[in-house]
Amino acid sequence: MGDFLGHLSTINRHKYRVTKLCFRCGLYKQGLLHDLSKYSLIEFKAGVKFYQGNRSPIDREKEVLGYSEGWLHHKGRNKHHWEYWLDNARDGIKPIEMPTRYVIEMFCDRVVASQIYQKENYHDDSALNYYLNGRDHIMIHPNTDKLIMHLLTYLSEHGLDETVAYIKTNLR
Ligand SMILES: [Zn+2]
């Protein structure tokens, strides 16, 4: 029961804060729809079973099982994840460039996730460092990589308020 409520409160808190940050960036519809599939049975069940409190249950599920059914369900439905944009053609699997509005949502998602999981250790460069940490192992379109790197670097140097202002004037 503790993990049920713990997971529910984590995803509620995460969703509420991503929605707020998306609104600040002018993304109203995406803000409201963000991560709704986390409330589906398949994703929610895995979230409770592999509940951690200080990091994503999906990472734990992958450690234990080698894969995550909840994640396969999630990334196939949520366009703010670069994994959604992988397509396969005759020459193999290749990343498609993400529309800017989804890169902005990905930015909001990563900032809030870093804030929630790192608590008092969160700094303006936390989300950038997290991205850099995994960057060698991902398959993301070069233009998408360039834009998310730019936003996360801007955040690390100027803080969140200035980055939101930058997004609103330059990207929306
Ligand atoms: Zn998501």
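Below, the structure is looked at part by part. From a predicted model like this one, the values you see are computed outputs, not experimental measurements.

## Topic: the overall build of the protein
- In terms of regular secondary structure, the protein is built from nine helices and two strands.
- Secondary structure elements in the protein, listed N-terminal to C-terminal, are α-α-α-α-α-β-β-α-α-α-α.
- Taken over C-alpha atoms, the radius of gyration comes to 16 Å for the protein, in line with the 16 Å a tight globule of 172 residues would show.
- Its C-alpha atoms put the protein at 45 × 45 × 30 Å along the principal axes.
- When each of the 172 residues of the protein is scored for burial, the buried share is 43%.
- For the protein, the proportion of contacts with a sequence separation of at least 24, taken over those separated by at least 6, is 59%.

## With respect to helix H8 (residues 142-158)
- The terminal C-alpha atoms of H8 lie 24 Å apart, and with 17 residues this matches the ideal 24 Å at 1.5 Å per residue to within 8%.
- Of the positions making up H8, those classed as buried are Thr144, Asp145, Leu147, Ile148, Met149, Leu151, Leu152, Tyr154 and Leu155.
- Those residues of H8 hidden inside the fold are in contact with helix H6 (100-118), helix H7 (126-134) and helix H9 (160-170).

## Details of the pairing of strand E2 (residues 92-95)
- One ladder, built from four bridges, connects strand E1 (residues 86-89) with E2; its direction is antiparallel. Following the sheet pairing, Asn88 is matched in E2 by Ile93.
- Between E1 and E2, which follow one another and run antiparallel, lie two residues.

## Here's the deal with the nonpolar core
- Counting 31 residues, the largest nonpolar core has Phe107, Cys108 and Val111 as its most contacted members.
- Among the secondary structure elements, those contributing two or more residues to this core are helix H1 (2-24), H6, H7, H8 and H9.
- Top element by residues in this core is H6. It accounts for nine residues.

## Some remarks on the coordination of the zinc ion
- Protein coordination at the zinc ion: the donors are Asp35 (OD), His74 (NE2), His80 (NE2) and His81 (NE2), at 2.1 to 2.3 Å from the metal.
- Coordination at the zinc ion comes from four donor atoms whose angles at the metal span 82 to 160°, giving a geometry best classed as irregular.
- Between consecutive donors of the zinc ion, the numbers of intervening residues give the motif D-x38-H-x5-H-H.
- Look at His81 and you get buried, because its relative accessible area is 12%.

## Some points on a nonpolar patch on the surface
- A cluster of nonpolar side chains, namely Leu32, Leu33, Leu36 and Tyr39, defines an oily patch on the protein surface of about 380 Å² accessible area.
- Since its relative accessible area comes to 52%, Leu32 is described here as exposed.

## Points about the packing of H6 against H9
- Remark: H6 packs on H9, axes separated minimally by 12 Å, with the N-to-C direction vectors making an angle of 170°. In this view, H6 runs roughly antiparallel relative to H9, as classed from their interaxial angle. Residues Ile104, Phe107, Val111 and Gln115 of H6 form the contact with H9, whose participating residues are Leu160, Thr163 and Ile167.
- Class assignment of the residues belonging to the contact of H6 with H9 gives a composition of five nonpolar, two polar and no charged.

## Examining the environment of His80
- Considering the arrangement of structural elements, one finds His80 in the loop between helix H5 (69-75) and E1.
- In this structure His80 comes out as buried when scored by relative accessible area, which is 2%.
- Setting aside anything within four residues of it in sequence, one finds His80 in contact with His34, Asp35, His74, Met98, Tyr102, Glu105, Met106 and Asp109.
- At a separation of 3.3 Å, a polar atom in the side chain of His80 contacts the side chain of Asp35.
- Within polar-contact distance, the side chain of His80 engages the side chain of Glu105 at 3.2 Å.

## Things to note about the pattern of salt bridges
- Taken as a whole and judged by the stated rule, the model has five salt bridges.
- Put simply, Arg55 and Glu63 hold a salt bridge, and the shortest N to O gap is 3.1 Å.
- We classify Glu63 as partly exposed; its relative accessible area is 49%.

What counts and what doesn't
- Residues numbered from 1 in each chain as written.
- Predicted model: local features only at pLDDT ≥ 70, side-chain atom pairs only at ≥ 80, totals over all residues.
- Heavy atoms only, no water.
- Helix = DSSP H or I, 4+ residues; strand = E, 2+ residues; numbered from the N terminus.
- Rg over C-alpha atoms; globule rule 2.2 N^0.38 Å.
- Buried < 20%, exposed > 50% of the residue type's maximum accessible area, 1.4 Å probe, protein only.
- Contact = heavy atoms within 4.5 Å.
- Expected span 1.5 Å × (residues − 1).
- Pairing = 2+ DSSP bridges.
- Core = buried A, V, L, I, M, F, W, Y, C linked by side-chain atoms within 4.5 Å.
- Donors = N, O, S within 2.8 Å, 3.2 Å for Na, K, Ca; no water.
- Tetrahedral: all angles 85-135°; square planar, octahedral: opposite > 155°, others 65-115°.
- Patch = residues over 30% accessible without salt bridge, like charges linked within 9 Å, V, L, I, M, F, W, Y side chains within 5 Å.
- Areas by Shrake-Rupley, 256 points an atom, 1.4 Å probe, with all protein chains shown as cover.
- Salt bridge = Lys/Arg side-chain N within 4 Å of Asp/Glu carboxyl O.
- Axes fitted to C-alpha atoms, helices over the stretch in contact; angles between N-to-C directions.
- Parallel < 35°, antiparallel > 145°, perpendicular 65-115°, else oblique.
- Nonpolar A, V, L, I, M, F, W, Y, C, P; charged D, E, K, R; others polar.
- Polar contact = N/O pair within 3.5 Å; in protein donor to acceptor, adjacent residues only side chain to side chain.

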